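Each chain is listed here by its residues.
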Amino acid sequence: MNKSQIKKKPLAILVTGIGPLYFDYSKKMMNSLVKTNPDIAKKADVILMTDKDFNQLGGTPREMLYMTPWFAKHLMKDYECVVRIDSDAIVTGDISSCWEGDFDVAVAQNANPREIVAQQQMMGRTVQVWDIDALKEYVNCGFVVMKSEEFVDHWLSLCTPERQGRYQFYEQDFLNILCFYGNYKVKLLDKLPDNKFWGLSSKGYWSEIIMDKDKKLILPKNSGNEFDAWPTDNDKEIVYIHMAGGNQPGKFDKLDTQFQPKVASYLKFLISDEKS
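The structure contained in this document is the topic of the report that follows. (Residues numbered from 1 in each chain as written. Predicted model: local features only at pLDDT ≥ 70, side-chain atom pairs only at ≥ 80, totals over all residues. Heavy atoms only, no water.)

### Some thoughts on the packing of helix 1 (residues 19-36) against helix 10 (residues 261-271)
Two elements in contact, helix 1 and helix 10, have axes separated by 6 Å at closest approach and are oriented at 105 degrees. As far as their axial angle goes, helix 10 and helix 1 are roughly perpendicular. Contacts between helix 1 and helix 10 involve K28, N31, S32, K35 and T36 on the former and, on the latter, Y266, F269, L270 and I271. Among the residues forming the contact of helix 1 with helix 10, the class breakdown is four nonpolar, three polar and two charged. (Axes fitted to C-alpha atoms, helices over the stretch in contact; angles between N-to-C directions. Helix = DSSP H or I, 4+ residues; strand = E, 2+ residues; numbered from the N terminus. Parallel < 35°, antiparallel > 145°, perpendicular 65-115°, else oblique. Contact = heavy atoms within 4.5 Å. Nonpolar A, V, L, I, M, F, W, Y, C, P; charged D, E, K, R; others polar.)

Here it is, written out as structure tokens:
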């Protein structure tokens with residue numbers, strides 16, 4: 001049987017719990033995924049990759065720097081579509097739209113007006129590569145949907161030791177270069193007409209998120225101040241909150257100070273082991 005005759009499964013959701021800290025984060029994130037997407041087990045195989053899996057697949061410390069394409073390469077042998085969800089995140093809504101449609105890769109934005117300021121203050125520069133606009137174009141690799149083996153192979157091939165020191169954000173920089181300069185069909189999740197925000201598009205505006213009667217989290221249009229109003233087109237449903245910020249403990253410990261009380265209480269329930 002040749003490669004084209006192999007029957008693949010439709011969908012895998014890739015979660016990595018490498019090390020005790022991220023293993024703990026991954027369990028919380030998966031709690032939120034199941035609660036907000038109760039039929040997810042019927043649609044996808046949710047695959048948690050741990051240290052044991054990483055080692056069994058022959059992973060080395062260098063592969064840790066580009067785990068998304070590295071794990072995706074293994075999974076795409078058996079799946080038509082792989083959704084990579086970072087462990088340090090909370091799934092807050094229906095994510096099924098992310099894998100719908102014809103595309104090679106779907107990605108989420110890395111910034112908003114307040115995040116741009118925070119990046120500048122923290123690092124003295126914005127997170128970007130080449131001339132890809134930090135606010136409007138640069139994307140984050142904490143939520144990536146992959147349907148093209150060619151794309152994954154291309155991404156993986158760019159992650160060489162020689163390039164490591166020249167690209168500060170490494171796998172994420174290469175993801176951006178391929179999305180904006182590669183010959184691939186790219187789906188920009190935050191810019192779709194369904195008005196959903198994924199990940200860092202809402203970070204910095206968390207205190208202004210409200211919850212409606214259907215338990216949807218909403219960031220109202222023109223939240224913030226006149227100089228950093230966001231979003232500027234429509235209200236946005238928040239379906240994915242990405243804490244980000246690197247290898248830090250206690251990322252879910254400050255929800256009460258980051259969100260309004262009703263929203264914080266709901267988020268704590270989502271990541272908990274409580275069933276209802």
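### Here we look at the packing of helix 4 (residues 67-75) against helix 6 (residues 149-158)
The N-to-C vectors of helix 4 and helix 6 enclose an angle of 135 degrees; their axes lie 9 Å apart at closest approach. Our classification of the angle between helix 4 and helix 6 gives oblique. The two elements helix 4 and helix 6 meet at a crossing, and its hand is left-handed. Contacts from T68, P69, W70, A72 and K73 in helix 4 reach V152, D153, W155 and L156 in helix 6. Per-class residue counts for the contact of helix 4 with helix 6 are six nonpolar, one polar and two charged. (Left-handed = near helix turned anticlockwise from the far one by under 90°.)

### Here's the deal with the packing of aromatic side chains
In the structure shown here, the tally under the stated rule is 15 aromatic pairs. Aromatic side chains Y167 and F174 sit 4.9 Å apart centroid to centroid with 55 degrees between the ring planes, which places their arrangement in the tilted category. Each member of the pair, Y167 as well as F174, is classed as buried. Through successive ring pairs, a cluster of aromatic residues spans Y66, Y167, Y170 and F174. In this structure, K35 is placed above the aromatic ring of F269, and the distance from its NZ or CZ to the ring centre is 4.1 Å. Of note, R114 hangs over the ring of Y205, and the distance from its end group to the ring centre comes to 4.4 Å. (Phe/Tyr/Trp six-rings, centres within 6.5 Å; stacked < 30°, edge-to-face > 60°. Buried < 20%, exposed > 50% of the residue type's maximum accessible area, 1.4 Å probe, protein only. Lys NZ or Arg CZ within 6 Å of the ring centre and 35° of its normal.)

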